[in-house]
Amino acid sequence: MIIERVDIYHISQQLVAPFVTSFGRQEERQSLILALHSGDYTGWGECVATTTPGYSYETASTAWHILSDFLIPAVIGRDLNEPEDLPAWMSSVRGHPLAKAAVDAAAWDITAKRDGLSFAQKLVEPYGISPRSRVEVGVSIGIQPSIDETLLAIEGFLQKGYQRIKLKIRPGHDIELSRAARESFKSTRIMLDANSAYTLDDAPIFQSLDELELLMVEQPLDYEDIYDHSRLKPMIKTPLCLDESIHSSNHARFALAIEACDIINIKPARVGGWTEARRTHDLCYKAGVPVWCGGMLETGIGRAGQLALASLPGFILPGDISATDRYYVDDVATPDFVLNPEDSTIDVPVGPGLGVTLDMNRLSKVTLRKERFRV
Ligand code: OSB
Ligand code: MG
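As a starting point, this report considers the structure included with it. Note that this is a predicted model, so its numbers are computed, not measured. (Residues numbered from 1 in each chain as written. Chains lettered and ligands numbered in written order. Predicted model: local features only at pLDDT ≥ 70, side-chain atom pairs only at ≥ 80, totals over all residues. Heavy atoms only, no water.)

## Overview of the site of ligand 1
How we decide: Nearness here has a simple test: a residue counts as near a molecule or strand if at least one of its heavy atoms is within 4 Å of that partner. For the purposes of these results, a polar contact is taken to be a pair of N or O atoms within 3.5 Å, where, inside protein, one atom must be able to donate a hydrogen and its partner to accept one; residues adjacent in sequence count only when each atom of the pair is a side-chain atom. Throughout, the Shrake-Rupley method with a 1.4 Å probe supplies accessible areas, and for residues the shown protein chains are the sole cover considered. Residues are grouped as follows: Ala, Val, Leu, Ile, Met, Phe, Trp, Tyr, Cys and Pro are nonpolar; Asp, Glu, Lys and Arg are charged; every other residue, Gly included, is polar.
In the vicinity of ligand 1 there are 17 residues, among which S140, K168, N195, L297 and Y327 approach most closely. K168 is positioned with one of its side-chain polar atoms (N or O) 2.9 Å from an oxygen atom of ligand 1. In isolation ligand 1 exposes 390 Å². Once the protein is present, 99% of that is buried. For the shell around ligand 1, the residue count by class is six nonpolar, three polar and eight charged.

If you want it as structure tokens, here you go:
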């Protein structure tokens, strides 16, 4: 199928509540939405780069530049057979995985629609299995103004049916918070995410958390530092998970080779798209290393993809894939994703492609800038 037209939208959506992490505060979520067109088919992708380069060096503006000046020219007018073709077409651009992931996602959506398959069915094709019908999920709670407010937030999400809680931590907002959470919620699966806010000198902080039987601690050390994680791991009992340090399946290979982690959070955007995410999964699955699907406060476009990815067999831990109402009031994609409270799961979409439909009215309401590229 010839890629005849590409549209990109720079959007800004209000979050239902501010999301605070060790790298900053978000109230409004900017991102890019990308559409590939071929004949009657449209494939949608999302670029999760946002206003600030706090989590990744990419922002919505750098991704706009990389997409419009390099990636879209590299794909437009070409004959797309399978989405696995794409990484090679985009290889002239070094880095910028979040920008690449938007094109990759749209290519998976459009080819799955052409094949009459759901994205999940297309993704699991090489395994000769059926995708899961629902996947286990949890909720990621940003840093709250106080410990009491954190406990209230946990209580609220548990009441909604989420059975795995992730708490964001930063220096000074860690040990007491974790102890209070464990004391109040004795049997809840609780994990922490530091977003790279500590150094190896802080090992005693993590050692003092050993007794709390946490599910894992995510990315305590620097975003480039696989090596220091390999030194921290034998010093603590809590399983160690990497997020920011893993930019490709190759990074996952390094991390496993030097035993830098027990678990990997696979975020499709961070590794440049679904093809590379699946490759990362395959590598971890073979090595017996558990993985789970991370999130970036995606719209329904990205969320549909996360649910499909999490239906691969190596995803044995709950993902950061929450219901739509945890993020947005009027998501640009419909229908809303809802939590199945009886088992803390969300259904994997079954419609063709990603299985979501864009609400073009809502999209135009939140669009700051739009551009159309033709052959
Ligand atoms: O580190 O996992 C992270 C959100 C934005 C950037 C980084 C992270 C997160 C989350 C939220 O933790 C996950 C989600 O619910 O989408
Ligand atoms: Mg993280």
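Having seen it, we continue.
## Comments concerning the sheet that holds strand β15 (residues 367–374)
Basically, it comes down to this: A pair of strands is labelled paired if DSSP reports no fewer than 2 bridges between them. Only DSSP runs of H or I reaching four residues or more are called helices, and only runs of E reaching two or more are called strands; each is numbered from the N terminus. Axes here refer to lines fitted to C-alpha atoms; in helices the fit is confined to the stretch in contact. Angles between the N-to-C directions go from 0 to 180 degrees. Whether two residues touch is decided by their heavy atoms; if any such pair falls within 4.5 Å, the residues are in contact.
Here we have four strands laid out as an open sheet, ordered β3-β2-β1-β15, and antiparallel in their pairing. Here the strands that pair on one side only, and so sit at the sheet edges, are β3 (41–47) and β15. Averaged over all pairs of adjacent strands, the angle between their axes in this sheet comes to 25°, without regard to strand direction. As judged from the seven bridges shared by strand β1 (residues 5–21) and β15, these two strands associate in the antiparallel manner. Of the residues in β15, the one forming a bridge with I11 is T367. Contacting β2 (24–38) and β3, helix α3 (residues 97–115) crosses the sheet at an angle of about 155° to β3.

## Things to note about the side chain of N195
Within the fold, N195 resides in the loop between β7 (189–193) and α7 (203–207). A distance of 2.7 Å separates polar atoms of two side chains, one belonging to N195 and the other to E244. For N195, the residues in contact, after removing those within four places along its chain, are T21, S22, F23, Y55, K168, E218, Q219 and E244.

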